[in-house]
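Overview (structure and organization)
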Amino acid sequence: MVRYQLVIEYVGTSFRGWQIQKKGSTIQGLIQQNLTKLLKQRVILNGSGRTDTGVHAYAQSAHFDCNKKILDLTKFLKSINHFLNDKGIAIKQIKKKSGKFHSRFSAKQRIYRYVILNQISAPVIENGRGWHVKKILDLDLMKKGARKLIGTHDYSTFRSSSCHAKSPVRTIKSIKIKSSKNKIQIEFRSKSFLQQQVRSMVGCLKFLGEKKWDLNTFEKVFKSKKRALCAPPAPPEGLFLFRVIY
C-alpha cells in the first residue's frame, strides 16, 4: 500500500461540511467518490479534521492509501481536478508519504482564520466569504479579550452541545487580530479545537467589539464554562481552515 497526502482548497457554501453524511453532498464524499473512480479501487479519505456546513478551506489536509504507486502525480492532479473544480473544490497538492503519516493524528498545529466585513454596505464581491457586521467594532477591546483566551483552559463555554471531544481543555497558542480596509481577520492557532469553538469565540469577541459586553463580562462568561451564556456563534461563511502544520 502507498500513502498519499492531499492539500485541498474548497468553498464550503454548498456542502454539508467535510464529513460524509447520510444525506447531502460533502467535500470528503465527493473527493472520495472521484478517487475511487480514477484509481479503480475503493478509497477511504481521512481528513485532518471536520469543517462544519458552510465553512471554507485554503488548505485542508487529508490522506488515502492506494494499492499501487501513482506514476505521474501531475497528470493525476489534473485528472482529479477536472471532476472537482466546477463543484468548488481544488486539490492543490498531492504528496507521497510514509505509512506513519496520518492527516489528523500527525498534525502539530491547526490555523483557522475568521473574516469579518465591518462596513455599512453589504459586501458584493466578497459575499459569502465573511461575516457582514455593520456596527464599527472596537478592535483594541477585541484584542484585549482575545489575550484572555490564549493558553491552556477549559473552553466549555465555547463548545457545541453536540461536541464529542473527551475533554473541553485545549491550548490556544496565539490569537491575532488585524484590520485592513474594513476587513477584520482573526487568526487562531492550536493543535486542536472543540466543535464550534472558533465561531463561538468570534461571536463573543464581536459582542465585546460592539460594547454589548465589557471585559469583565467577557471574562465571566468565559470562566463560567456555561454554554448558555455564550454569545451566538459567528456564521460559518466567515471561517476558513487556513493551514495544517505537521
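All figures in this text were calculated on a predicted structure; none of them were measured in a lab. (Residues numbered from 1 in each chain as written. Predicted model: local features only at pLDDT ≥ 70, side-chain atom pairs only at ≥ 80, totals over all residues. Heavy atoms only, no water.)

1. Quick look at the environment of Lys 37
By the element assignment, Lys 37 lies in helix α1 (residues 27-39). Each C-alpha atom, one on Lys 37 and one on Ile 80, is 9.6 Å from the other, the two residues being 43 residues apart in sequence. (Helix = DSSP H or I, 4+ residues; strand = E, 2+ residues; numbered from the N terminus.)

2. Looking at the packing of α1 against helix α2 (residues 73-84)
Where α1 meets α2, the axes come as close as 10 Å, and the angle between the chain directions of the two elements is 130°. The orientation of α1 relative to α2 falls into the category oblique. Handedness of the α1/α2 crossing: right-handed. Seen from α1, the contacting residues are Leu 30, Ile 31, Asn 34, Leu 35, Lys 37, Leu 38 and Leu 39; seen from α2, they are Phe 76, Ser 79, Ile 80, Phe 83 and Leu 84. (Axes fitted to C-alpha atoms, helices over the stretch in contact; angles between N-to-C directions. Parallel < 35°, antiparallel > 145°, perpendicular 65-115°, else oblique. Left-handed = near helix turned anticlockwise from the far one by under 90°. Contact = heavy atoms within 4.5 Å.)

3. Side note on the pattern of salt bridges
Evaluation of the coordinates by the stated rule reveals 12 salt bridges. Salt-bridge contacts for Lys 183 lead to Glu 126; the nearest nitrogen and oxygen are separated by 2.6 Å. Residue Lys 183 is found in strand β9 (residues 183-190), and its partner Glu 126 is found in the loop between β5 (109-118) and β6 (131-133); the two are separated by 57 residues along the sequence. Judged by relative accessible area, which is 31%, Glu 126 ranks as partly exposed. Residue Glu 210 is joined to Lys 212 by a salt bridge in which the shortest nitrogen-to-oxygen separation is 3.4 Å. Where salt bridges share partners, they join Arg 113, Glu 187 and Arg 189 into one cluster. (Salt bridge = Lys/Arg side-chain N within 4 Å of Asp/Glu carboxyl O. Buried < 20%, exposed > 50% of the residue type's maximum accessible area, 1.4 Å probe, protein only.)

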